Structure formats: C-alpha cells, structure tokens
Amino acid sequence: MTKQQVLDLYFLDARSKLIDLAAFLDRMERAGGEADFRHPALLQAAAELGRPGAGRAKNVLLVLSDPTTEPIPTAPGKGASGAWPGEELRGS
Amino acid sequence: MRYIEPHAHMVSRVTDDYVDMAAAGCAAVCEPAFWAGFDRSSPQGFYDYFCQISDYEPKRAAKFGLPHFCWLCINPKEAEDVNLAKEVVGLIPQFLDRPNVLGIGEIGLNKNSRNELKVLEMHVDLAARHNQLILVHTPHLEDKLKGTRLTLDVLKADARIKPERVIIDHVEEHTVKMVLDAGHWAGMTLYPESKCSRPRAIDILDVYGTERLWMNSACDWGVSIPLSVPYTALEMRRRGWTEEAIDQVIYWNPAKFMSQCAKFRLA
Ligand SMILES: [Zn+2]
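Residues numbered from 1 in each chain as written. Chains lettered and ligands numbered in written order. Predicted model: local features only at pLDDT ≥ 70, side-chain atom pairs only at ≥ 80, totals over all residues. Heavy atoms only, no water.

(A) Inspection of the coordination of the zinc ion at higher detail. Residue and element names in this part refer to chain B. Protein-derived coordination of the zinc ion comes from His7 (NE2), His9 (NE2) and Glu106 (OE), at a distance range of 2.0 to 2.1 Å. Donor residues for the zinc ion, ordered by position in the chain, follow H-x1-H-x96-E. Note that His7 is positioned in the loop between strand E1 (3–5) and helix H1 (15–23) and Glu106 in strand E4 (residues 101–108), a separation of 99 residues in sequence. (Donors = N, O, S within 2.8 Å, 3.2 Å for Na, K, Ca; no water. Helix = DSSP H or I, 4+ residues; strand = E, 2+ residues; numbered from the N terminus.)

(B) Seen up close, the interface of chain B and chain A. The partner chain A presents 29 residues to the 27 residues of chain B that form the contact. Across the chain B to chain A interface the summed buried area is about 2,300 Å²; carbon plus sulfur atoms make up 60%. If you sort the residues of chain B by the area they bury against chain A, Lys111(B), Glu142(B) and Lys146(B) come out on top, with a joint share of 30%. Connecting chain B to chain A are 2 salt bridges. Summed over the shared surface of chain B and chain A, the number is 14 residue pairs in polar contact (both at pLDDT 80 or more). For the side of chain B that touches chain A, the element with the highest residue contribution is helix H5 (residues 144–157) of chain B, accounting for 4 residues. (Contact = heavy atoms within 4.5 Å. Buried area = accessible area lost by both parts, 1.4 Å probe. Salt bridge = Lys/Arg side-chain N within 4 Å of Asp/Glu carboxyl O. Polar contact = N/O pair within 3.5 Å; in protein donor to acceptor, adjacent residues only side chain to side chain.)

(C) Structural context of the environment of Met1(B). Residues and elements named next belong to chain B. Relative to the elements of secondary structure, Met1 occurs in the segment before E1. By relative accessible area, which is 43% here, Met1 ends up partly exposed. Along the primary structure Met1 and Ala233 are separated by 232 residues, whereas in three dimensions their C-alpha atoms are 8.6 Å apart. Among all residues touching Met1, those that are not within four sequence positions of it are Ala24, Gly25, Pro230, Ala233, Leu234, Arg237 and Ile250. (Buried < 20%, exposed > 50% of the residue type's maximum accessible area, 1.4 Å probe, protein only.)

Right, here's the structure in full:
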C-alpha cells in the first residue's frame with residue numbers, strides 16, 4: 001500500500017485512538033488517590049511512538065513486558081495486568 | 001470465501017455461532033482444550049470435558065456441515081497443581097485414537113512459574129511418546145515475551161520434537177520472529193481488546209510473509225468474535241491482497257499444518 005492508501009484506510013481510526021489515549025491520561029490527572037506501576041509504564045511505552053523507525057508496536061510491547069528470564073517460584077494468581085510491576089512488586 | 005477456524009472454544013459458544021461460521025465459509029473448526037473460567041475440582045472434570053470436545057461437540061458442529069477437531073491437555077491456567085496435572089495427563093492417552101483428536105494443546109505457560117514449566121515438559125513428553133502434534137498457548141500481556149522464550153527453550157531441549165509439528169499461538173510483534181526463526185508455526189489471535197487486532201495481524205503478514213502463519217478467533221466465553229478470521233480477510237481485500245493470497249493464509253496454511261495429522265480431513 002502507498003502512504004496515501006494507508007492514510008485513507010486508517011487515519012481516522014488512529015486519530016480517534018490517539019485522542020482516547022490523551023483523554024485517558026487527562027482522566028488519570030483528574031482522578032484522586034495514587035496511581036500504580038501501570039501509569040508510568042504506559043507513559044514510558046507512549047514515548048516509543050516518537051522514535052523513528054518501523055519497530056514501534058514491538059517496542060511498546062517490549063516496554064510493557066517482563067524482561068526477566070527465570071521462572072518464578074509460584075504463580076501468584078492467573079491474571080495479567082498489562083505492564084510489568086518489577087521484581088519487588090510481583091508478589092512471589 | 002472459505003476459511004478454517006484453527007482455534008475456537010466452541011463449548012462456550014451458542015449454536016448460532018456455528019450457523020454464522022458455516023454461512024461465512026468456515027470449512028473446519030478446531031478446539032484446543034482450555035480453562036473453563038473456573039478451576040475443575042478433580043481429574044474427572046477433565047475426563048468429562050475431553051468427552052465433550054471429542055464426542056459431543058463434533059456432533060453439534062456436524063449439524064451445520066462443519067468438521068470439528070480437538071486438542072487435549074490440562075491448560076496452563078490449571079497447571080500450578082502438578083499432582084492434578086499428572087493425573088489429567090494420565091487420562092489423555094485413552095482419547096488419542098478418537099477420530100477428531102489432532103494432538104496435545106493448548107499447552108504452555110500462564111504466569112511462567114516453575115510448576116507450569118514442569119507441566120509443560122510433561123505434555124511435551126506425552127506428545128513425543130505418542131507422536132502427536134502440539135499446539136502451544138503463550139501467556140497474556142506482560143508475561144508473553146518471557147513465556148514464549150521459556151517455551152521455545154523447552155521445545156528445543158527435547159530432541160524428539162520436530163519444530164514444524166508445533167504451532168505457537170497468540171504471537172504478537174515482539175514474539176513472532178523468534179517463533180518462526182525456531183522453525184515452528186505461529187498463530188495470531190484476533191481479539192478486540194488484547195492479542196492482535198485485525199490491522200496488526202495483517203501488518204505481521206506484510207512484514208514476515210505468509211509461510212507458517214495462521215490466524216484464529218480463539219473465541220471463548222470472554223470478549224471475542226467468532227467471525228474474526230473472515231472479517232480480517234475482508235480487511236485484507238481492502239488492503240489489496242489477492243483472493244489467492246487470502247485463501248493461502250486463511251484456508252491452506254491451517255490445512256497444511258493440521259494435515260500432518262492423518263485424521264484431519266476436510267468435508
Ligand atoms: Zn484458546
């Protein structure tokens with residue numbers, strides 16, 4: 001596809017998702033209480049959008065991934081949060 | 001359009017979904033064993049489930065002309081209890097000769113724990129001893145990268161496993177290359193909120209080519225869309241893919257992988 005075709009097919013969708021992301025961050029600003037590790041992780045991942053090159057989706061996923069390599073002693077539960085809390089917050 | 005749904009949990013879907021899939025051109029549906037949304041209380045619960053997907057569900061699908069196949073295992077979300085897993089793995093061989101059983105799956109990791117890893121190794125050994133195909137689930141979200149790496153290590157360590165007889169499912173941009181480089185097949189799951197969106201799955205096909213890749217809806221009891229594969233095919237058309245190239249990805253690729261099991265037959 002040409003750049004024009006990509007824009008015609010996906011620009012409005014990307015625009016809408018970007019505004020949703022901005023509104024989410026505004027909502028976080030307005031909300032009370034404390035954020036957890038997910039908020040800074042998302043901001044760090046969002047910074048990948050501004051980097052040149054065609055590996056942005058992969059890099060966003062990498063920022064949000066557990067980078068360690070050893071199996072954990074026991075599963076703390078079944079769910080996943082979408083961002084890596086870090087060794088000390090993982091709970092096991 | 002014709003397509004194969006290589007990963008769907010039809011036990012959690014209504015009969016209308018079979019009607020929609022058949023109307024959209026589905027030629028076969030394949031059902032890996034998975035978590036029921038709650039932990040089963042005994043091996044007997046798994047025995048009943050294996051009967052359901054190897055006996056009852058094919059009959060339900062057949063009413064709409066759909067061949068139904070399945071994969072058996074104790075899923076990674078219930079693999080923290082190694083003793084339970086041992087008992088369930090012991091039940092599986094008696095089902096392997098059933099006409100719709102394609103292999104062992106969806107096995108793998110969930111939180112990347114030591115016990116999950118032990119149970120994964122147990123399943124890989126079972127598949128190797130019985131010469132079965134393997135379908136691997138990779139973990140969700142932040143656990144996927146590490147879980148994919150650990151899974152690849154386990155498969156590589158067992159010399160009996162032929163890479164081309166293993167499909168590693170739920171790949172995304174950060175895991176697809178390592179799976180293909182290891183010689184395995186890779187599955188992309190089309191979910192509305194997690195895993196791959198339709199445009200991203202097509203991007204991955206654009207970047208990595210169409211060899212050894214398939215797409216599935218993995219529809220289950222959660223937020224998921226049974227017609228995700230044909231919807232993605234429509235988007236491929238809009239992006240200029242030819243009918244032959246689409247047919248290769250959504251029909252011939254899953255057919256090629258699963259035909260490594262002689263029991264896989266299209267109507
Ligand atoms: Zn599944």
